[in-house]
Structures are given as C-alpha cells and as structure tokens.
Amino acid sequence: MTVSPAEFRWLTWLRGGVRRYGRVPVAALLAAAGVTLALPLVSTAALTGGAGAAAVVALAALLAAVPASWACVLVADRFDEASRRLALASTRDELTGLLNRRHFVAVAEAERARCRRYDLDAALLVVDADHFGSLVDTHGRECGERYLRELARVVGQALRQPDVLARYDGDAFAVFLPHTDPLGALDVAERIRVQAGDLRVECEGLAVGTTVSIGVAPVGPGHGTLDALLLDADAALLAAKQAGRNCVRSVGAARGRAGGAASIGTRKRAGPV
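Here the structure is a predicted model, which is why all the values come from computation and not from measurement.

**Examining unusual backbone geometry**
Positioned with a positive phi, Asp119 is a non-glycine residue whose angle comes to about 55°. Secondary-structure assignment places Asp119 in the loop between helix H4 (101–117) and strand E1 (122–129). Residues other than glycine seldom take positive phi values, yet Arg245 does so here, at roughly 70°. Mapped onto the secondary structure, Arg245 falls in the loop between helix H8 (226–242) and strand E7 (248–250). By relative accessible area, Arg245 is classed as partly exposed at 23%.

In structure tokens form, the structure reads like this:
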C-alpha cells in the first residue's frame with residue numbers, strides 16, 4: 001500500500017497525539033471534530049424538517065463519528081508498529097537480533113573516532129566459528145542457524161553494556177570494546193573463546209557445537225579509519241586460524257595496519273575456516 005505525503009503527515013500527527021495523550025482522548029477529539037463538521041447538516045435538517053429531523057441527523061453523525069474516530073486511532077497504532085519494525089529491520093540482523101554490519105560500521109566508527117580524539121583505549125574483536133561449514137553440511141542449515149543464535153547470546157553475555165556487538169559476515173561476529181586496553185581485550189576474547197567452546201545446541205537429538213577463533217586489534221596510532229582496524233583484526237583472525245583454530249591472536253596496538261590482509265567486510269574467506 002502506497003501512502004501519499006499528505007497521508008503520511010496525517011498519520012505522523014495522529015501517532016504523536018496517541019503517544020502523548022492516549023487512544024481515548026484522541027478518539028474523543030476526532031469524534032467531536034466529526035460531529036462539528038456535521039452541524040451544517042443538522043441546521044439544514046432543522047430548517048427543512050423540524051427538530052425531529054435535526055435530532056436524527058445529529059444522532060447519525062455521532063454514530064458515524066465514534067467508530068470512525070476509533071478506526072483512525074487503530075490505524076495510527078498500526079502505522080506506529082510498522083514504523084518501529086522498519087527502523088528495527090534497518091539496524092538489526094534478522095537471524096540473531098544483533099546489530100547488522102551496516103549499522104555496526106556506523107556505530108563503531110563513531111566510537112573509534114571518539115576514543116582517538118580523547119586518547120582512550122579501545123579494541124576490536126572478530127569472532128569466527130571454526131568448521132562452521134562442516135557443521136552445516138553435517139547437521140543442516142537449521143542447526144547452523146540455531147548455533148549462531150546461541151553463539152550470539154553467549155558472546156553478548158561476556159560483554160559489558162557499552163560494548164558494541166554485531167553479526168558481521170555469515171558466521172563471524174564483530175565486537176568493539178571502548179575503554180579497553182590491549183590486555184583487557186585479550187581477557188574478553190579468551191572468556192568468549194572458553195564459553196563458546198562449551199556451547200552445545202540440540203539438533204535431532206544430538207548435542208552439537210564447535211569452537212571459535214578470535215582476532216584482536218587494539219586501536220593504535222595507525223588506525224585512522226575503522227576499515228584499517230578491521231584489517232588488523234582480520235589479520236589476527238587469520239593467524240588464529242593458521243595456528244590451529246580455537247585460539248586468540250592479537251596484533252600490536254602500535255601497528256598501523258596489516259599489509260596484504262583482506263577485510264572481512266569484503267571477502268568471503270581469507271584463509272582456513
């Protein structure tokens with residue numbers, strides 16, 4: 001259904017009224033407005049048919065205005081709910097409910113810039129499920145999706161409220177840690193690795209799980225953009241994969257960016273999974 005600009009403005013105004021004053025007062029106001037608009041008809045009926053005709057017209061106007069005004073309020077409610085769902089869909093990953101990649105990039109870039117401006121510690125983690133392709137091949141896509149939802153929950157439980165978590169690339173999650181020094185970032189990564197290793201989901205009567213590899217990149221002088229930081233985190237993740245998986249690897253905070261590494265934002269795979 002297409003909504004014209006005038007209809008959109010009307011619905012927006014109506015939604016604001018319902019939010020501020022509630023359904024009943026707004027419906028009553030609309031009903032009163034409807035009856036007021038019908039007053040010329042009541043006057044005409046009184047002149048042509050007398051008081052009885054005027055009373056009939058006034059009653060008909062009232063009976064029409066009340067349900068019509070309530071219907072307008074309900075439409076405003078539906079519009080409000082649709083607007084909330086649309087806003088949520090534009091920032092959240094449908095499967096896990098985490099931030100999606102696009103919104104994460106915007107939020108994390110703002111946090112990175114703020115940390116650089118005020119000389120605050122921060123770090124970026126990239127968490128990638130090991131052998132996830134084999135898990136899906138063996139147990140099916142539904143099991144893989146169930147595992148990713150639970151992994152998102154486990155990673156989230158290991159974080160603080162200011163930390164920014166997103167599903168970034170298939171079976172990879174990105175975490176921005178403000179106010180976190182390099183050792184603190186390693187501690188968080190190791191905590192996630194251990195808890196993820198204990199995670200099991202039930203798939204057709206079987207307890208299914210895998211491990212994770214994590215790349216850590218503390219924010220350093222050479223990280224002038226979030227992409228530079230992602231490149232270093234991805235290089236650290238690749239080092240963790242090459243070291244045998246189920247481990248944490250980090251790049252030094254003083255490094256600018258890792259040469260030759262492909263960003264997880266643009267690649268399918270940069271190495272073993």
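The discussion continues.
**Some points on the state of the cysteines**
In the structure shown here, the tally under the stated rule is one disulfide. Sulfur-sulfur distance for the disulfide between Cys143 and Cys203 comes to 2.0 Å. An S-S torsion of about 85° defines the bridge between Cys143 and Cys203 as right-handed. Placement of the pair is Cys143 in helix H6 (residues 141–157) and Cys203 in strand E4 (residues 201–203), with a sequence separation of 60 residues. Side by side, Cys143 and Cys203 carry an identical accessibility label, which is buried.

**Notes on the nonpolar core**
Counting residues in hydrophobic clusters, the biggest one holds 34 residues, and the most contacted among them are Leu125, Tyr147, Leu151, Leu159, Phe173, Ile192 and Ile214. Elements represented by at least two residues in this core include exactly E1, helix H5 (132–139), H6, strand E3 (172–178), helix H7 (182–197), E4 and strand E6 (212–218). Residues Leu99, Ala122, Leu237 and Val251 belong to the second largest nonpolar core, which totals 21 residues.

Reading guide: rules and limits
- Residues numbered from 1 in each chain as written.
- Predicted model: local features only at pLDDT ≥ 70, side-chain atom pairs only at ≥ 80, totals over all residues.
- Heavy atoms only, no water.
- Helix = DSSP H or I, 4+ residues; strand = E, 2+ residues; numbered from the N terminus.
- Buried < 20%, exposed > 50% of the residue type's maximum accessible area, 1.4 Å probe, protein only.
- Disulfide = S-S within 2.5 Å.
- Core = buried A, V, L, I, M, F, W, Y, C linked by side-chain atoms within 4.5 Å.

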